[in-house]
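# Residue-level structural notes
Residues per chain, in single letters:
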Amino acid sequence: MAELKKSSQSSQSPLKGVCLETPIAELTNWFQTYTGKLISVTDPKPEDVDVVDVAHALSMTCRFGGHCRDFYSVAEHSVHVCEIGTAIRSHLNMTYPSTIENTRHSLVLLLHDAAEAYVGDLITPLKRNLLGAKALETKWLRAIEQRFDLGTALSDPEESVKQADLCALSIEILSLYDRADPIWWSKFKPPTILDLDQVSIDCWSPAEARRKFLRLFTQLRDRLEGLRPEGPGKQP
C-alpha cells in the first residue's frame, strides 16, 4: 500500500524537474530536449538553442538515414566539415583578412547542420519532397545564428561551406559504403588524394562524437570571445 501511495503521488507531478521556461499552455508542437528544455519545434527562439543539446542530438543521429555500413553521426560529420573547410581555405590561401573572421568561419562550418539537432537529419530527396521541411530547417538555422551571433552565415551559407560539406560527403561515400553506386559520381565530385588525407572517417561512438564536437565548439567560442574588440565576454 505504501508503494502504491508513493507511486500515485509521484504521478501527480509528471513535469517535476522539467525546465519550463515557457508556460506549457503557450507551447504548440512542443518537445523536451536532452537538457530538459521544453520548446516548440515549429516556433524556435534563440534562447531555445543550447550547444549541449545540439552536440548530444547530433551525436545520436546517423548520417544517410542510417543506410551506411557503420553508425556515423552528424556530430562527427560536422567536426570533419570544419576540419576540411579550414584546410581548403588554408590550401587555397583564401583566409579572411582578420583572425576573428577566420575563427567565426570555422564555427559556421561546425554548426552548419546544427538545425538537425531539432528537426532531424532528413535525407535530401525526402527533404526536397516533404512540404515545409526546408522552411522549418531554415527557421532553426536562423534561431541558431542569432544565438551565436553568426549573422546569416548558416541560413545563407558561403560557397566555401557548401564545398566543404560536399567534400566531406564524397569522402564518406567511399568510406561508409562497401559498394557505392556509380551514380554518386555522376552527381558529386570524387575526392582527391589530398581530400582523403585531410580526414579519417572513424565512426566515433556517440559519447566520443559529442565530446569532440563540444571541445571544438568551446575552443572556437573562447578564441572568438578573446578576439572581439570588447575583450572576453560571456557567451551563453
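Before reading on, note that the structure itself is shown above.
As the structure is a prediction and not an experimental result, all values here were calculated from the model.

To continue, consider the overall build of the protein. When helices and strands are counted, the protein shows 11 helices and two strands. Within the protein, the fraction of its 236 residues that count as buried is 41%. Across the protein, contacts joining residues at least 24 apart in sequence account for 63% of those joining residues at least 6 apart. Counting only carbon and sulfur atoms, one obtains 54% of the accessible surface of the protein, whose full area is about 13400 Å².

For the structure shown, the criterion picks out six aromatic pairs. Between Phe64 and Tyr177 the ring centres are 5.6 Å apart and the planes differ by 85°, which places this aromatic pair in the edge-to-face class. A residue pair is termed long-range when its members are at least 10 positions apart, and Phe64 in the loop between helix 2 (51-59) and helix 3 (74-91) and Tyr177 in the loop between helix 8 (159-176) and helix 9 (183-187) qualify at 113 residues. Classification of Phe64 by relative accessible area gives buried; the value is 13%.

Inspection of the secondary structure assignment puts Leu214 in helix 11 (residues 206-227). Once the C-alpha coordinates of Leu214 and Ala55 are considered, the two residues, 159 residues apart in sequence, prove to be 6.4 Å apart. Beyond its immediate sequence surroundings of up to four residues, Leu214 is in contact with Val51, Val52 and Ala55.

Under the counting rule described, the total for this entry stands at eight salt bridges. The salt bridge involving Lys127 is made with Glu137; its shortest N-O contact spans 3.0 Å. In this pair, Lys127 is assigned in helix 6 (residues 124-129) and Glu137 in helix 7 (residues 133-147), connecting sequence segments 10 residues apart. Across the pair, exposure class does not vary: Lys127 and Glu137 are buried alike. As a salt-bridge pair, Lys212 and Glu208 come within 2.8 Å of each other at their nearest N and O atoms. Of this pair, Lys212 and Glu208 both sit in helix 11, separated by four residues, roughly a single helical turn. Beyond isolated ion pairs, a larger network of salt bridges with shared partners links Arg69, Asp70 and Asp178.

Attention now goes to the environment of Ala114. Its place among the elements puts Ala114 in the loop between helix 4 (99-110) and helix 5 (116-119). Since its relative accessible area comes to 0%, Ala114 is described here as buried. Distance from Ala114 to Asp53, taken between C-alpha atoms, is 9.8 Å for residues 61 residues apart in sequence. With residues near it in sequence (within four places) discarded, Ala114 still touches Val54, Leu58 and Ile144.

What counts and what doesn't
- Residues numbered from 1 in each chain as written.
- Predicted model: local features only at pLDDT ≥ 70, side-chain atom pairs only at ≥ 80, totals over all residues.
- Heavy atoms only, no water.
- Helix = DSSP H or I, 4+ residues; strand = E, 2+ residues; numbered from the N terminus.
- Buried < 20%, exposed > 50% of the residue type's maximum accessible area, 1.4 Å probe, protein only.
- Contact = heavy atoms within 4.5 Å.
- Areas by Shrake-Rupley, 256 points an atom, 1.4 Å probe, with all protein chains shown as cover.
- Phe/Tyr/Trp six-rings, centres within 6.5 Å; stacked < 30°, edge-to-face > 60°.
- Salt bridge = Lys/Arg side-chain N within 4 Å of Asp/Glu carboxyl O.

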